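Architecture at a glance
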Amino acid sequence: MNGVRTGFDSRTWTDGNSDNVSTYISLAGCSNGGQGAPVSNTQLQLTRETPWYQPDENRGRSTFYCSSSDSHYFGDQPSGSYHFTVTRIQGSTSGYYLKVNSVYVRY
């Protein structure tokens, strides 16, 4: 991710929930990427996508810190399509840019 703002959505993945593995997201090397004020944290929301006539499901939010790398477990999720959304950067819903060198998702 490079130069993203709050509201950025990751690509979608499909979890068949056939292996009892907890959904896990890891970020490494996050910063402001040389744009705007310094950044030391970001909040991500795991979202389960639903049919167009229903609102998507918020499956939890976690704050990731930029000191080196940070990871969070979101638990064993039901089968479906998922993505994460950047909901806050530096505790704010606007005004910051985010760069992340490495994103890893396990499900």
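Data block above holds the structure.
Report on the accompanying structure. (Residues numbered from 1 in each chain as written. Predicted model: local features only at pLDDT ≥ 70, side-chain atom pairs only at ≥ 80, totals over all residues. Heavy atoms only, no water.)

Section: the sheet that holds strand β5 (residues 69-73)
The condition that has to hold: Should DSSP find at least two bridges between two strands, the strands are taken to pair. Going along the chain from the N terminus, every DSSP run of H or I of four or more residues is numbered as a helix, and every run of E of two or more is numbered as a strand. For every element, the axis is a line fit to its C-alpha atoms; helices are fit only across the contacting stretch, and the angle between N-to-C directions ranges from 0 to 180 degrees.
Ordered in space as β5-β2-β7, the three strands form an open sheet in which the pairing is antiparallel. The outermost strands of the open sheet, each flanked by one partner alone, are β5 and β7 (99-106). Mean inter-strand twist for the sheet, computed between neighbouring axes without regard to direction, equals 15 degrees. Bridge count between strand β2 (residues 24-31) and β7: seven bridges; the pairing is antiparallel. From the neighbouring strand, serine 31 faces β7, where its bridge partner is lysine 99.

Comments concerning the pairing of strand β3 (residues 41-49)
The criterion, for reference: Buried means the residue's accessible area, taken with a 1.4 Å probe over protein chains only, is under 20% of the maximum for its type, while exposed means over 50%, and partly exposed covers the values in between.
Burial analysis of β3 places seven of its nine residues in the buried class, the great majority of the element. Here seven bridges tie β3 to strand β4 (residues 57-65), and the two strands are oriented antiparallel to one another. Bridge pairing in β4 places threonine 42 opposite phenylalanine 64. Where β3 lies against strand β6 (residues 80-89), eight bridges are found, and the strand directions are antiparallel. When the sheet's bridge partners are listed, glutamine 43 is paired in β6 with arginine 88.

A look at the nonpolar core
Put simply, the rule is: Throughout this description, the term nonpolar core refers to a set of buried Ala, Val, Leu, Ile, Met, Phe, Trp, Tyr and Cys residues connected via side-chain atoms within 4.5 Å. Any two residues whose heavy atoms approach within 4.5 Å are treated as being in contact.
Membership of the largest hydrophobic core comes to 17 residues, with the highest contact counts inside it found for Ile25, Leu27, Leu44, Phe64 and Leu98. Counting only elements with at least two residues in this core, the list comes to β2, β3 and β6. Apart from residues lying up to four places away in sequence, leucine 98 is in contact with Met1, Asn2, Gly3, Val4, Cys30, Ser31, Val39, Thr42, Val86 and Ile89.

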